[in-house]
Amino acid sequence: MKTRYLVWVTLLAAVGLWMGLGQNALPEGPGRELVLQKCQTCHEIGFVTRERQTRERWDSLITEMQNYGLRLTPEERTAILNYLATRLAPGATAPAPTQTQAATTVNGAQVYNNCIGCHQANGAGLPGVFPPLAGHVPEILAARGGREWLIQVMLYGLQGQISVKGASYNGVMPGYAQLSNAELAAVLNYIATQWGNALPSGQTPFTEAEVQAQRGKNLSVQQVLAARQQLGLR
Ligand code: HEC
Ligand code: HEC
């Protein structure tokens, strides 16, 4: 199961690489290709490029990523650590703005590239590992309070035991508070209308103002999980 999932994740990373997402922001240097290959399978490379850390901090961060499922040989680990500790050291020059930040109009499909490593391009997720969004987002939106909750998941993430269409999940959904209100509204509208999904009747597309209204609540993943239990999803 785990190997199968890693194969998928690697394939999708290759697609992401091919599309050239955010690569420009990563400085040149030995080990750069390896970082691109290994560090954007679960999240956008922007997670890495925005950081400036000491060697010790990068070291423990790589261990943290390995606990999430990152697979590295000892040689790969050393090469990545050396790259990060020198090219993304405290005081290293700030990265150029990423494509999404520079864009004036935001494309939800493009923002969804942050999600495909886990929820897959077809929104089906991976049974028991990543919940589906296809056929599921409208259920969340139809629940009382579901619309606000969906924005909260995007901002703050979710962690802990949940059940979706009878299947159980207990993973980590990262929060995306670093994305702009426009990007979050765009990706919400994307997942609400793709793969046969549709907004429940009477609901209009997500707006930036709606996303802004949920910012600043600073919810923990535990609070987001507790709020999910109030939605009555099954
Ligand atoms: C198997 C999936 C996976 C891979 C591969 C992965 N990460 Fe992560 N990473 C995560 C998750 C999940 C989070 C979000 C954790 C959270 O929100 O607390 C994260 C968050 C981060 C963060 C933000 C740190 C923080 O505490 O908020 C950084 C920086 C990061 N990753 C760097 C890397 C680097 C560098 C690599 C490659 C060496 C990498 N990641 C590969 C899963 C992964
Ligand atoms: C590192 C893998 C990963 C990434 C990247 C990721 N998710 Fe998730 N997502 C998860 C996991 C795992 C869960 C379930 C968390 C749990 O088990 O508590 C989840 C849950 C969700 C849920 C709530 C489903 C429910 O019924 O509670 C939504 C909605 C969602 N993700 C949308 C997205 C969107 C949109 C993106 C991209 C902006 C994204 N996710 C990126 C792993 C991920």
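Residues numbered from 1 in each chain as written. Chains lettered and ligands numbered in written order. Predicted model: local features only at pLDDT ≥ 70, side-chain atom pairs only at ≥ 80, totals over all residues. Heavy atoms only, no water.

Points about unusual backbone geometry
For step 1, the next point in the chain: Not every positive phi belongs to a glycine, and Lys 165 is a case in point at roughly 50 degrees.
For step 2, the next point in the chain: Classification of Lys 165 by relative accessible area gives partly exposed; the value is 47%.
For step 3, the next point in the chain: Of note, Asn 218 is a non-glycine position whose phi angle comes to about 45 degrees, a positive value.
For step 4, the next point in the chain: The topology assignment puts Asn 218 in the loop between α12 (208–214) and α13 (221–229).
For step 5, the next point in the chain: A relative accessible area of 63% places Asn 218 in the exposed class. (Buried < 20%, exposed > 50% of the residue type's maximum accessible area, 1.4 Å probe, protein only. Helix = DSSP H or I, 4+ residues; strand = E, 2+ residues; numbered from the N terminus.)

Observations concerning the site of ligand 1
For step 1, the next point in the chain: Taken together, 18 residues sit near ligand 1, with Cys 39, Thr 41, Cys 42, His 43 and Met 65 positioned nearest.
For step 2, the next point in the chain: If you list the elements that add at least two residues to the shell around ligand 1, you get α3 (46–49), α4 (55–68) and α5 (74–87).
For step 3, the next point in the chain: Considering each element in turn, the shell around ligand 1 owes the most residues, four residues, to α4.
For step 4, the next point in the chain: Tallied by class, residues from the shell around ligand 1 come to 11 nonpolar, three polar and four charged. (Near = heavy atom within 4 Å. Nonpolar A, V, L, I, M, F, W, Y, C, P; charged D, E, K, R; others polar.)

Describing the packing of helix α10 (residues 146–156) against α13
For step 1, the next point in the chain: Where α10 meets α13, the closest approach of the two axes is 10 Å, and the angle between their N-to-C directions is 160 degrees. It follows that α10 is roughly antiparallel to α13 by the angle criterion. In terms of crossing hand, the pair formed by α10 and α13 is left-handed. Residues Trp 149, Gln 152, Val 153 and Tyr 156 of α10 lie in contact with α13, whose contacting residues are Val 221, Val 224, Ala 227 and Arg 228.
For step 2, the next point in the chain: Broken down by class, the residue content of the contact of α10 with α13 amounts to six nonpolar, one polar and one charged. (Axes fitted to C-alpha atoms, helices over the stretch in contact; angles between N-to-C directions. Parallel < 35°, antiparallel > 145°, perpendicular 65-115°, else oblique. Left-handed = near helix turned anticlockwise from the far one by under 90°. Contact = heavy atoms within 4.5 Å.)

Concerning the packing of aromatic side chains
For step 1, the next point in the chain: This model, assessed by the stated rule, comprises four aromatic pairs.
For step 2, the next point in the chain: Pairing Tyr 190 with Trp 195 gives two aromatic rings, centres 5.8 Å apart and planes at 85 degrees, and the pair type is edge-to-face.
For step 3, the next point in the chain: Taking the relative accessible area as the measure of exposure, Tyr 190 reaches 17% and is therefore buried.
For step 4, the next point in the chain: If you follow Arg 50 out to its NZ or CZ, it ends over the ring of Phe 47, 4.9 Å from the centre.
For step 5, the next point in the chain: Here the basic side chain of Arg 147 rests over the ring of Phe 206, its NZ or CZ set 4.3 Å away from the ring centre. (Phe/Tyr/Trp six-rings, centres within 6.5 Å; stacked < 30°, edge-to-face > 60°. Lys NZ or Arg CZ within 6 Å of the ring centre and 35° of its normal.)

Focus on the coordination of the iron atom of ligand 2
For step 1, the next point in the chain: Looking at the iron atom of ligand 2, one finds its protein donor set to be His 119 (NE2) and Met 173 (SD), positioned 2.0 to 2.1 Å from the metal centre.
For step 2, the next point in the chain: In this structure, the iron atom of ligand 2 is coordinated by six donor atoms arranged in octahedral fashion, with angles at the metal of 85 to 179 degrees. Taken together, the positions of His 119 in helix α8 (residues 116–119) and Met 173 in strand β2 (residues 167–173) put the pair 54 residues apart, joining distant regions of the chain. Of the two residues examined, His 119 and Met 173, each falls in the buried class. (Donors = N, O, S within 2.8 Å, 3.2 Å for Na, K, Ca; no water. Tetrahedral: all angles 85-135°; square planar, octahedral: opposite > 155°, others 65-115°.)

Overview of the site of ligand 2
For step 1, the next point in the chain: Not every one of the 28 residues close to ligand 2 is listed here, only the nearest: Cys 115, Cys 118, His 119, His 136 and Met 173.
For step 2, the next point in the chain: Between a nitrogen atom of ligand 2 and a side-chain N or O atom of His 119, the distance comes to 2.8 Å.
For step 3, the next point in the chain: One of the side-chain nitrogen or oxygen atoms of His 136 is found 2.5 Å away from an oxygen atom of ligand 2.
For step 4, the next point in the chain: Counting only elements with at least two residues in the shell around ligand 2, the list comes to α8, α10, β1 (158–164) and β2. (Polar contact = N/O pair within 3.5 Å; in protein donor to acceptor, adjacent residues only side chain to side chain.)

Details of the pairing of β1
For step 1, the next point in the chain: Pairing analysis gives seven bridges linking β1 to β2, with the strands arranged antiparallel. Across the sheet, residue Ile 162 finds its bridge partner in β2, namely Tyr 169.
For step 2, the next point in the chain: Remark: two residues form the turn of the hairpin made by β1 and β2, two consecutive strands paired antiparallel; Lys 165 in that turn has positive phi of roughly 50 degrees. (Pairing = 2+ DSSP bridges.)

Digging into the nonpolar core
For step 1, the next point in the chain: Core analysis: the largest hydrophobic core is formed by 36 residues, its most contacted members being Tyr 112, Leu 158, Leu 184 and Leu 188.
For step 2, the next point in the chain: Those residues in contact with Leu 158 that lie beyond four places of it in its chain are Trp 149, Val 153, Gly 171, Val 172, Met 173, Val 221, Val 224, Leu 225 and Arg 228. (Core = buried A, V, L, I, M, F, W, Y, C linked by side-chain atoms within 4.5 Å.)

Section: the confidence of the model for the chain
Low pLDDT means the predicted atomic positions in that stretch should not be read closely.
For step 1, the next point in the chain: On average, residues of the chain score 86 in pLDDT, and 85% of them reach the 70 mark or higher.
For step 2, the next point in the chain: When pLDDT is averaged over each helix and strand of the chain, the minimum, 40, is found for helix α6 (residues 99–102) and the maximum, 97, for α10.
For step 3, the next point in the chain: Counting interchain partners and residues more than four positions distant, the pLDDT-below-50 stretch residues 14–23 has 13 contacts.
For step 4, the next point in the chain: Per-residue pLDDT stays below 50 along residues 96–104; that stretch engages in seven contacts with residues further than four places along the chain or on separate chains. (pLDDT = per-residue confidence, 0-100.)

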